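Spelled out, the chains give:
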Amino acid sequence: KQVKLNTVAIKGFTANPSNTIFSFSPSESLQENTNYTIEVTTGVKSIYENLLSTSVKFNFTTGDYTRPSISTITPSNGEAGVSRSLAIQVQFSEPVLKVESGTTVQLYEKNESGEIVGSVLLNSIASGSNNTYFITAQSLLKESTSYEIRFTEGITDTSVNANKLIPISFSFKTGDDVKPTAL
């Protein structure tokens, strides 16, 4: 009980051959983004049986290792009848950086076979609250046409290690603007 992690005694320390450097591997994973304190108490003895004169504490913080993801997107994947004046709303699982039109976010037109036949220019992307972004096309989309929007790993979270988004795409189809007429 001479070494504690957040007041809980820990075991499993190993030492180098000269007993001057000690390390440990926790038996359970530490939580992400959490502050921890390691305390070496006065119960620790040297190889000559001398006790440590005062306790020593070391603080560290674990990192964020969870990649951001898309929580919700409107229109939803596979949706049909989407307005030609496209307004995509996407919400990420956490704050992100580099959500940029044409680089990390691309919109493509697809033919009937599902092959990409062209790209669509997007306006600059506006950010809102709660990790939400709003994406619009620079012009009206074609009617009754399939599109695919792609989000690349260039989008990262705001942590020090900048976890990358797992690339993902969503497809939708616009509706037609033909108004029924009375005969």
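Residues numbered from 1 in each chain as written. Predicted model: local features only at pLDDT ≥ 70, side-chain atom pairs only at ≥ 80, totals over all residues. Heavy atoms only, no water.

Where do I start with the overall build of the protein in this structure?
In terms of regular secondary structure, the protein is built from zero helices and 17 strands. Its C-alpha atoms give the protein a radius of gyration of 27 Å, more than 25% over the compact-globule value 16 Å for 183 residues. Counting only C-alpha atoms, the protein reaches 105 × 30 × 25 Å along its principal axes. For the protein, with 183 residues in total, the buried portion stands at 30%. Across the protein, contacts joining residues at least 24 apart in sequence account for 60% of those joining residues at least 6 apart. Total accessible area on the protein is roughly 11800 Å²; 51% of this is exposed by carbon and sulfur atoms. Where the 14 positive side-chain charges of the protein centre and where its 17 negative ones centre are 8 Å apart. (Helix = DSSP H or I, 4+ residues; strand = E, 2+ residues; numbered from the N terminus. Rg over C-alpha atoms; globule rule 2.2 N^0.38 Å. Buried < 20%, exposed > 50% of the residue type's maximum accessible area, 1.4 Å probe, protein only. Contact = heavy atoms within 4.5 Å. Areas by Shrake-Rupley, 256 points an atom, 1.4 Å probe, with all protein chains shown as cover. Lys, Arg positive; Asp, Glu negative; His and termini not counted. Charge placed at Lys NZ, Arg CZ, Asp CG, Glu CD.)

Help me understand the pairing of strand E14 (residues 132–136) in this model?
Looking along a regular strand, one sees the side chains alternate between the two faces of the sheet. The sheet contact formed by strand E9 (residues 87–92) and E14 spans five bridges and is antiparallel. The residue of E14 that forms the bridge with isoleucine 88 is isoleucine 135. As paired elements, strand E13 (residues 126–127) and E14 share two bridges and run antiparallel to each other. For serine 127, the partnering residue across the bridge sits in E14 and is tyrosine 133. (Pairing = 2+ DSSP bridges.)

Whenever I open this one, the pattern of salt bridges confuses me. Can you help?
Where charged atoms of side chains with opposite charge meet at close range, the side chains can pair. Throughout the structure, instances matching the rule amount to three salt bridges. A salt bridge links arginine 150 to glutamate 148; the shortest N-O distance between them is 2.5 Å. Taken together, the shared-partner salt bridges connect Lys110, Glu148 and Arg150 into one network. (Salt bridge = Lys/Arg side-chain N within 4 Å of Asp/Glu carboxyl O.)

Got a minute to help me understand the sheet that holds strand E8 (residues 79–82) in this structure?
The pairing of strands in a sheet happens through backbone hydrogen bonds and is either parallel or antiparallel. Across the sheet, which stays open at both edges, the five strands sit in the order E8-E17-E15-E11-E12 with mixed pairing between neighbours. If you trace the sheet from one side to the other, it starts and ends with E8 and strand E12 (116–120), each paired once. Here the average twist between neighbouring strands, direction ignored, is 35°. (Axes fitted to C-alpha atoms, helices over the stretch in contact; angles between N-to-C directions.)

Is there a simple way to explain the packing of aromatic side chains in this structure?
Two descriptors summarise a pair of aromatic rings, namely the distance from one centre to the other and the angle between the planes of the rings. If you walk through the whole model with that rule in mind, you get five aromatic pairs. Between the aromatic rings of phenylalanine 92 and phenylalanine 151, the centroid separation amounts to 6.3 Å while the plane-to-plane angle is 85°, which identifies the pairing as edge-to-face. Of this pair, phenylalanine 92 sits in strand E9 while phenylalanine 151 sits in strand E15 (residues 146–151), placing them 59 residues apart in sequence. Here the two residues phenylalanine 92 and phenylalanine 151 agree in accessibility, since each one is buried. Three or more aromatic residues joined by ring pairs form one cluster here, namely Phe92, Tyr133, Phe151 and Phe170. (Phe/Tyr/Trp six-rings, centres within 6.5 Å; stacked < 30°, edge-to-face > 60°.)

Just checking my understanding: could you explain the nonpolar core for this structure?
Nonpolar side chains in soluble globular proteins tend to be buried together. Counting residues in each nonpolar core, the largest one holds 25 residues, and the members touching the most others are Phe92, Val105, Leu107, Ile135, Ile149 and Phe151. Of all elements in the fold, only strand E7 (70–74), E9, strand E11 (105–110), E14, E15 and strand E17 (168–174) reach the threshold of two or more residues within this core. Every residue in contact with valine 105, bar those within four places of it in the chain, is listed here: Val99, Glu100, Leu122, Ile125, Ile135, Ile149, Arg150, Phe151 and Ile155. (Core = buried A, V, L, I, M, F, W, Y, C linked by side-chain atoms within 4.5 Å.)

In this structure, what is going on with the environment of leucine 122? I would like to understand it.
Relative to the elements of secondary structure, leucine 122 occurs in the loop between E12 and E13. Residue classification places leucine 122 among the buried residues on the basis of a relative accessible area of 8%. C-alpha of leucine 122 to C-alpha of leucine 107: the two residues are 15 residues apart in sequence and 7.4 Å apart in space. Those residues in contact with leucine 122 that lie beyond four places of it in its chain are Ser101, Val105, Gln106, Leu107, Ile135, Thr136, Ala137 and Gln138.

Any chance you could explain the side chain of glutamine 106 here in plain terms?
Positionally, glutamine 106 belongs in strand E11. There is a polar contact of 2.5 Å between the side chain of glutamine 106 and the backbone oxygen of threonine 103. With near-sequence residues (within four places) excluded, glutamine 106 lies in contact with Leu122, Glu148, Ile149, Arg150 and Thr152. (Polar contact = N/O pair within 3.5 Å; in protein donor to acceptor, adjacent residues only side chain to side chain.)

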